[in-house]
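For reference, the chains in residue letters:
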Amino acid sequence: MILKAVMLSRTSPPAGTAARPSASRPEDRAGAILTIDLAAIAENWRILKKRVAPGCDMGAVVKSDAYGLGLEPVARALQGAGCVTFYVAHLDGAIALRHILGPGPRIACLNGPNKGTERDHAAFKVMPVLSTPEHVKAWCAYALKEEVLSESIVQVDTGMHRLGLSEREFAGLMDDPDGFLGLHPQMIMSHLACADEGANPMNRAQLGRFRAMRDTFRTRFPDAKASLANSSGIFLGPEWHFDYARPGAALYGVNPTPKAPNPMLPVVNLKARIIQVRRVDSPGHVGYGAAAHVQEGAKIATVSMGYADGYLRSLSAVGLGVLDGLKVPLLGRVSMDLMTFDVSNVPDSAAQPGAFIDIISNVVTVDDVAKAAGTIGYEILTSLGSRFHRRYITAPQPRAGT
Ligand SMILES: *Cc1c(COP(=O)(O)O)cnc(C)c1O
């Protein structure tokens, strides 16, 4: 039997090989290993929960596959921590989440209901965020036709000019007795433009406008709750918390207070496998464009990861790894599947093929990588590629020395 299988595999075309399980371990095949600490995500949720008033419903934003970290494991971890309100961007995410979480939790769809999706919102118990007069009109029409009061969220624009009813549109709907007819709004919400800059006067200006619109809204819907704060908004102070808080990035370890030390636990570790270590024989160049110079005797490690894995090419020459506790600078350009580090200062015993260079760690954090790339931690996380071997830590782990 075994002999026959081997013979078959030698002679049959590649199509027949697809179903055959590979004999090696996934972590041995992958170029890089991404470890996601679900216990830290749960703890970050609790850290934020302690900052808001006891009556505030601290939810979690899990849009974009939970900021690239995996919707299913992350949502389950948050549910385990006590989270009952979840926010996603699209209906597909909301439906996936409903299958993961079961019927209990509230699910809100931030980008609003596309035409023709009303029934699915109702079927999967997804609250749409109504941000335009068209959204409101379509949702009211649906509610009246079906004779159901499906829950929804009304978003108002308090100064960001991105999504939400303008003050004039809102006033128009409020003045019209049929403006919100058939609606059963769970809350009125708005979004802060500058919450990560605590001293920015935008924050108080938006707060003032939001309070006024909420108060007006409550003349029609006395039970409507209110929501304004994202992660950074929670750190602006209790005035910004209202009834529902909507943190995302901070749960995943991004610093919500960029000018102060990070109050959140790190969540992500990413390490890339060294394929080759090269001792330079004579002065020369490294990588595409021969962009980096190296001296004789320099030691270069090439790792099995590149911009196709979401490590932005703009990190060329400015990225930083950690090997054997030592910071090692990225040399030259990031390639699609490869990049090179200067490991001259690392002992040969550590700098060798099969070892791993930390790309995101407690030493070089998501925020550090983002800063070097000229972007924000959000983009680094949501760019994380699909080729990594992913490991999820579920139990609280003893933390290595800080
Ligand atoms: C993404 C998003 C959030 C979460 O923001 P973070 O800065 O990641 O905490 C909250 N509310 C809305 C409307 C969003 O789009």
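Keep in mind that this is a model prediction, so the values were computed, not measured.

Caption draft 1: Fine view of the overall build of the chain. From N to C terminus, the chain includes 13 helices and 19 strands. The buried share among the 402 residues of the chain stands at 50%. Considering only contacts within the chain whose residues lie at least 6 apart along the sequence, 65% involve residues at least 24 apart. Entry remark: accessible area of the chain is about 19400 Å², with carbon and sulfur atoms responsible for 55%. Each charge class in the chain was averaged separately, 42 positive and 37 negative side chains, and the resulting centres sit 5 Å apart.

Caption draft 2: Representation of the domain arrangement of the chain within the structure. Taken as a whole, the chain is organised into domain 1 (39–252) and domain 2 (268–364). Its C-alpha centre places domain 1 at a distance of 42 Å from the equivalent point of domain 2.

Caption draft 3: Here's a closer look at the site of the ligand. In the vicinity of the ligand lie 14 residues, with Lys 63, Tyr 67, Ser 231, Gly 248 and Tyr 378 positioned nearest. Separating an oxygen atom of the ligand from a backbone N or O atom of Ala 249 is a distance of 2.8 Å. The side chain of Tyr 378 places a nitrogen or oxygen atom 2.6 Å from an oxygen atom of the ligand. Taken by itself the ligand offers 390 Å² of open surface, and the protein chains cover 92% of this. Taken together, the residues of the shell around the ligand sort by class into 7 nonpolar, 4 polar and 3 charged.

Caption draft 4: A look at the nonpolar core. Ranked by size, the top nonpolar core spans 90 residues in total, and within it Val 62, Leu 69, Leu 78, Tyr 252, Ile 357 and Ile 359 carry the most contacts. If you count residues domain by domain, this core takes at least three from each of domain 1 (39–252) and domain 2 (268–364). Setting aside anything within four residues of it in sequence, one finds Ile 357 in contact with Leu 270, Lys 271, Ala 272, Ile 274, Ala 301, Val 303, Gly 321, Val 322, Leu 323, Val 328, Phe 341 and Val 343. With 27 residues, the next largest nonpolar core counts Leu 130, Cys 140, Phe 221 and Ala 226 among its residues.

Caption draft 5: Spotlight on the packing of helix α9 (residues 167–175) against helix α10 (residues 202–220). Where α9 meets α10, the closest approach of the two axes is 11 Å, and the angle between their N-to-C directions is 15°. With respect to each other, α9 and α10 are oriented roughly parallel. Between α9 and α10 lies a crossing of left-handed hand. Taking contact as the criterion, the partners of Glu 167, Phe 170, Leu 173 and Met 174 in α9 are, on α10, Arg 209, Met 213, Thr 216, Phe 217, Thr 219 and Arg 220. Tallied by class, the residues present in the contact of α9 with α10 amount to 5 nonpolar, 2 polar and 3 charged.

Caption draft 6: Expanded view of the packing of helix α3 (residues 38–51) against helix α5 (residues 71–81). The geometry of α3 relative to α5 is characterised by a closest axis approach of 9 Å and an angle of 45° between their N-to-C directions. Classed by the angle they form, the pair α3 and α5 counts as oblique. For the pair α3 and α5, the sense of crossing is right-handed. Contact residues: α3 offers Leu 38, Ile 41, Ala 42, Trp 45 and Arg 46, while α5 offers Pro 73, Val 74, Ala 77, Leu 78 and Ala 81.

Caption draft 7: Region of the structure containing the environment of Arg 209. Summarising the element assignment, Arg 209 is placed in helix α10. For Arg 209 and Ile 33, which are 176 residues apart along the polypeptide, the C-alpha to C-alpha distance reads 46 Å. With residues near it in sequence (within four places) discarded, Arg 209 still touches Thr 158, Gly 159 and Glu 167.

Caption draft 8: Just unusual backbone geometry, in detail. Residues other than glycine seldom take positive phi values, yet Ala 66 does so here, at roughly 55°. Turning to its location among the elements, Ala 66 is positioned in helix α4 (residues 63–67). Accessibility expressed as a relative area gives 0% for Ala 66, which makes it buried. Phi is positive for His 161, close to 55°, though the residue is something other than glycine. The residue His 161 is located in the loop between β7 (151–155) and α9 in this model.

Caption draft 9: Layout of the packing of aromatic side chains. Under the criterion given, the structure shown has 9 aromatic pairs. The interplanar angle of 40° and the centroid separation of 6.0 Å between the aromatic rings of Tyr 67 and Tyr 378 together place this pair among those described as tilted. Taken together, the residues span a long stretch of sequence, with Tyr 67 in helix α4 and Tyr 378 in helix α13 (residues 377–383) at a distance of 311 residues. Note on Tyr 378: relative accessible area 31%, which makes it partly exposed.

Caption draft 10: Representation of the side chain of Ser 316 within the structure. Mapped onto the fold, Ser 316 is located in the loop between β14 (299–303) and β15 (320–323). Reaching out from Ser 316, the side chain makes a polar contact with the backbone nitrogen of Val 334 at a distance of 2.9 Å. Beyond its immediate sequence surroundings of up to four residues, Ser 316 is in contact with Leu 330, Gly 332, Arg 333 and Val 334.

Here is what the cut-offs are and how they apply
Residues numbered from 1 in each chain as written. Predicted model: local features only at pLDDT ≥ 70, side-chain atom pairs only at ≥ 80, totals over all residues. Heavy atoms only, no water. Helix = DSSP H or I, 4+ residues; strand = E, 2+ residues; numbered from the N terminus. Buried < 20%, exposed > 50% of the residue type's maximum accessible area, 1.4 Å probe, protein only. Contact = heavy atoms within 4.5 Å. Areas by Shrake-Rupley, 256 points an atom, 1.4 Å probe, with all protein chains shown as cover. Lys, Arg positive; Asp, Glu negative; His and termini not counted. Charge placed at Lys NZ, Arg CZ, Asp CG, Glu CD. Domains from an automatic or database assignment. Near = heavy atom within 4 Å. Polar contact = N/O pair within 3.5 Å; in protein donor to acceptor, adjacent residues only side chain to side chain. Nonpolar A, V, L, I, M, F, W, Y, C, P; charged D, E, K, R; others polar. Core = buried A, V, L, I, M, F, W, Y, C linked by side-chain atoms within 4.5 Å. Axes fitted to C-alpha atoms, helices over the stretch in contact; angles between N-to-C directions. Parallel < 35°, antiparallel > 145°, perpendicular 65-115°, else oblique. Left-handed = near helix turned anticlockwise from the far one by under 90°. Phe/Tyr/Trp six-rings, centres within 6.5 Å; stacked < 30°, edge-to-face > 60°.

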